[in-house]
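Close look at the chain arrangement
Now for the letters of each chain:
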Amino acid sequence: MWDWLKRIVSRWRVPGGPRFVIHRGYQLDCPFPDYDPRRPFRILLYLRKKGLLRRGSLRRPQPVSPRRLRRVHDPAYLNSLEKPGTIADIVGLTLDQELQDHFLEYQRLLCGGTITATRMALHRGEIVTNLGGGLHHASAAMGSGFCLFNDVAVAIATVRNRGFDGRILVVDLDIHDGDGTRAIFAQDPTVHTFSLHNRTLLELPAVADTCLALGADLTDQQLIEAVREHLPPILEETEPGLIFYLAGSDPHLSLIH
């Protein structure tokens, strides 16, 4: 499928347009319930039908390096991921060694994709979308809820290391609480974490955060109204030089419960 998509995109020309980061390794063939392993490529086909792709629209990332992961994550935690059973505890499923290695590489690739998108956005001054990632439950020393690494935090640490010193806003509209991201930046006044979710998973005071639990059975209109009420003042206050938006895979009425 990847080769087929590359052939399609190489012939498809649209003036201007956004850029997207994707890799054939974004297809995760693991037995996770309610997970569509081909979702990134279904999104890509949708974008093509909408005329949003052109030659040069796609960028392929490299897996994140251990050195970059260590800028955010505790070395002892990273080493523990190589031990049998550690990843299974994080994802809630028993994985054999082959699947564990595959899942580890998959998440390194997603993390690398967010780094690539972030660097492109800063370099070009435009919106760049990683069609994977959003691993917001991972904290510095612990994985949780499918997330081994916090890709946004690692991307922020990467661009900080390269000299970017502007204010940063993380807008997280995944229906699950962005608890790992909030924990990592709890004492960093230069990174404001903004999370609207159904229920708060971690009650943790942070120096620059908006953490709002909107409850169950939320309608689309209620979610939109909450964003319109709370986000503009934060944008005005922070004046961010870089914004991360985590769209999530599930801000939908049927999955908010």
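As shown above, the structure is provided for reference.
Residues numbered from 1 in each chain as written. Predicted model: local features only at pLDDT ≥ 70, side-chain atom pairs only at ≥ 80, totals over all residues. Heavy atoms only, no water.

Turning to the overall build of the protein chain, a few remarks are in order. On a plain count of helices and strands, the protein chain comes out with nine helices and seven strands. Relative to its full complement of 257 residues, the protein chain shows a buried share of 46%. For the protein chain, restricting intrachain contacts to residue pairs at least 6 apart in sequence, the fraction spanning at least 24 positions comes to 66%. When the accessible surface of the protein chain is split by element, carbon and sulfur atoms take 52% of a total near 13200 Å². (Helix = DSSP H or I, 4+ residues; strand = E, 2+ residues; numbered from the N terminus. Buried < 20%, exposed > 50% of the residue type's maximum accessible area, 1.4 Å probe, protein only. Contact = heavy atoms within 4.5 Å. Areas by Shrake-Rupley, 256 points an atom, 1.4 Å probe, with all protein chains shown as cover.)

Let us look at the sheet that holds strand β2 (residues 58–59). Pairing in this open sheet of three strands is parallel, and the strands run β2-β1-β3 from one edge to the other. If you trace the sheet from one side to the other, it starts and ends with β2 and β3 (128–130), each paired once. Here strand β1 (residues 19–21) runs beside β2; their pairing, made up of two bridges, is parallel. Among the inter-strand pairings, F20 is bridged to a residue of β2, identified as L58. Against the sheet, helix α6 (residues 97–124) engages β1, β2 and β3, with an angle of about 180 degrees to β3. (Pairing = 2+ DSSP bridges. Axes fitted to C-alpha atoms, helices over the stretch in contact; angles between N-to-C directions.)

Considering all chains together, one arrives at two aromatic pairs under this definition. Ring geometry for F103 and F146: centres 5.3 Å apart, planes at 75 degrees, overall edge-to-face. You can see F103 sitting in helix α6 and its partner F146 sitting in the loop between β3 and α7 (151–161), a full 43 residues away along the chain. F103 sits in the buried class, given a relative accessible area of 0%. Exposure remark for F146: the relative accessible area of 23% places this residue in the partly exposed category. Ring pairs connect the aromatic residues F103, Y106 and F146, which therefore count as one cluster. (Phe/Tyr/Trp six-rings, centres within 6.5 Å; stacked < 30°, edge-to-face > 60°.)

Turning next to the nonpolar core. L81, L148 and F244 are the most contacted members of the largest nonpolar core, which totals 54 residues. Counting only elements with at least two residues in this core, the list comes to β1, α2 (39–49), α4 (75–80), α5 (86–91), α6, α7, β4 (168–172) and β7 (242–246). Per-element tally for this core: the top contributor is α6, with 10 residues. Those residues in contact with L81 that lie beyond four places of it in its chain are T86, I87, I90, Q100, L104, L148 and F149. With 11 residues, the next largest nonpolar core counts F194, L218, L223 and L231 among its residues. (Core = buried A, V, L, I, M, F, W, Y, C linked by side-chain atoms within 4.5 Å.)

The next thing to look at is the side chain of H192. Tracing the backbone shows H192 in strand β5 (residues 191–197). By relative accessible area, H192 is classed as buried at 5%.

Once that is clear, we can look at empty space enclosed by the protein. Per the stated rule, a full pass over the model turns up one cavity of 30 Å³ or more. As a volume, the largest cavity reaches approximately 30 Å³. Lining of the largest cavity is provided by V170, D172, G178, T181, R182, T193, F194 and S195. If you list the elements that add at least two residues to the lining of the largest cavity, you get β4, α8 (179–184) and β5. The element best represented in the lining of the largest cavity is β5, accounting for three residues. Its residues placed into classes, the lining of the largest cavity shows two nonpolar, four polar and two charged. (1 Å grid on protein atoms, 1.4 Å probe; cavity = no way out; pocket = protein on both sides within 12 Å on 5 of 7 lines; lining within 4 Å. Points joined across faces, edges and corners; volume = space filled by probe spheres on them. Nonpolar A, V, L, I, M, F, W, Y, C, P; charged D, E, K, R; others polar.)

There is a patch of like negative charges on the surface, built from E82, D96, E98 and D101. Looking at the secondary structure, you find D101 in helix α6. (Patch = residues over 30% accessible without salt bridge, like charges linked within 9 Å, V, L, I, M, F, W, Y side chains within 5 Å. Salt bridge = Lys/Arg side-chain N within 4 Å of Asp/Glu carboxyl O. Lys, Arg positive; Asp, Glu negative; His and termini not counted. Charge placed at Lys NZ, Arg CZ, Asp CG, Glu CD.)

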